[in-house]
Amino acid sequence: MGAVEGEALLVPLSAWNRMLDQLGNLHEAGRELAEARERAARAETEAAFLRERLADLREAGTAQQPRAEAGADERGGADTVGVGSESGHGLLGVGRRAAAAAGGWIRRRGG
């Protein structure tokens, strides 16, 4: 295929160009693989963060649930609807039976 002259190996130009093309393709594939690994690592980190955040939110929700149930007992039982903000503004503690008795409209207590 080629002749050896000293330390040089003579190869046909078409074979050399094919080898350079393959080397270029290999380099490009390596670069794309590195980018894909980086994207996968980023996605995995984001998924871990979101799982952790979801667990925190669920934990916070279950921590608030017993307080809400205790408040429902004080305001009239399990049929109490808590509407409004935590600061006490809005419609708080209106029972479903009271709303039905008022013709379906929810009214503010004492008002």
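Residues numbered from 1 in each chain as written. Predicted model: local features only at pLDDT ≥ 70, side-chain atom pairs only at ≥ 80, totals over all residues. Heavy atoms only, no water.

### As for the overall build of the chain
Okay, step 1: Along the chain, the regular secondary structure elements total two helices and four strands.
Okay, step 2: The N-to-C order of helical and strand elements in the chain reads β-β-α-β-β-α.
Okay, step 3: Within the chain, the proportion of its 111 residues that are buried is 8%.
Okay, step 4: A sequence separation of at least 24 residues applies to 3% of the contacts in the chain between residues at least 6 apart.
Okay, step 5: For the chain, the exposed area adds up to about 9,600 Å²; of that, 56% sits on carbon and sulfur atoms. (Helix = DSSP H or I, 4+ residues; strand = E, 2+ residues; numbered from the N terminus. Buried < 20%, exposed > 50% of the residue type's maximum accessible area, 1.4 Å probe, protein only. Contact = heavy atoms within 4.5 Å. Areas by Shrake-Rupley, 256 points an atom, 1.4 Å probe, with all protein chains shown as cover.)

### A few points about the pattern of salt bridges
Okay, step 1: Inspection of every chain in the model, using the stated rule, returns three salt bridges.
Okay, step 2: Ionic pairing is found between Arg31 and Glu28, a salt bridge with its closest N-O pair at 2.5 Å. Residue Arg31 and its partner Glu28 are located together in helix 1 (residues 13–75), separated by three residues, close to a single helical turn.
Okay, step 3: As a salt-bridge pair, Arg31 and Glu35 come within 2.7 Å of each other at their nearest N and O atoms. Of the two residues, Arg31 and Glu35 both sit in helix 1, four residues apart, roughly one turn of that helix.
Okay, step 4: You can call Arg31 partly exposed: its relative accessible area is 38%.
Okay, step 5: Under the relative-accessibility criterion, Glu35 is labelled partly exposed at 34%. (Salt bridge = Lys/Arg side-chain N within 4 Å of Asp/Glu carboxyl O.)

### Details of the confidence of the model for the chain
Okay, step 1: Per-chain confidence: the chain averages 74 in pLDDT, with 54% of residues scoring 70 or above.
Okay, step 2: This stretch, residues 78–94, has a pLDDT under 50; its non-local contacts, to residues over four places away or in other chains, come to 32 contacts. (pLDDT = per-residue confidence, 0-100.)

### Examining a nonpolar patch on the surface
Okay, step 1: Judged by side-chain polarity, Leu9, Val11, Leu13, Trp16, Met19, Leu20, Leu23 and Leu26 come together as a nonpolar surface patch covering roughly 800 Å² of accessible area.
Okay, step 2: Looking at the nonpolar patch element by element, the count peaks at six residues for helix 1.
Okay, step 3: Inspection of the secondary structure assignment puts Leu23 in helix 1.
Okay, step 4: Its relative accessible area of 48% is what places Leu23 among the partly exposed residues. (Patch = residues over 30% accessible without salt bridge, like charges linked within 9 Å, V, L, I, M, F, W, Y side chains within 5 Å.)

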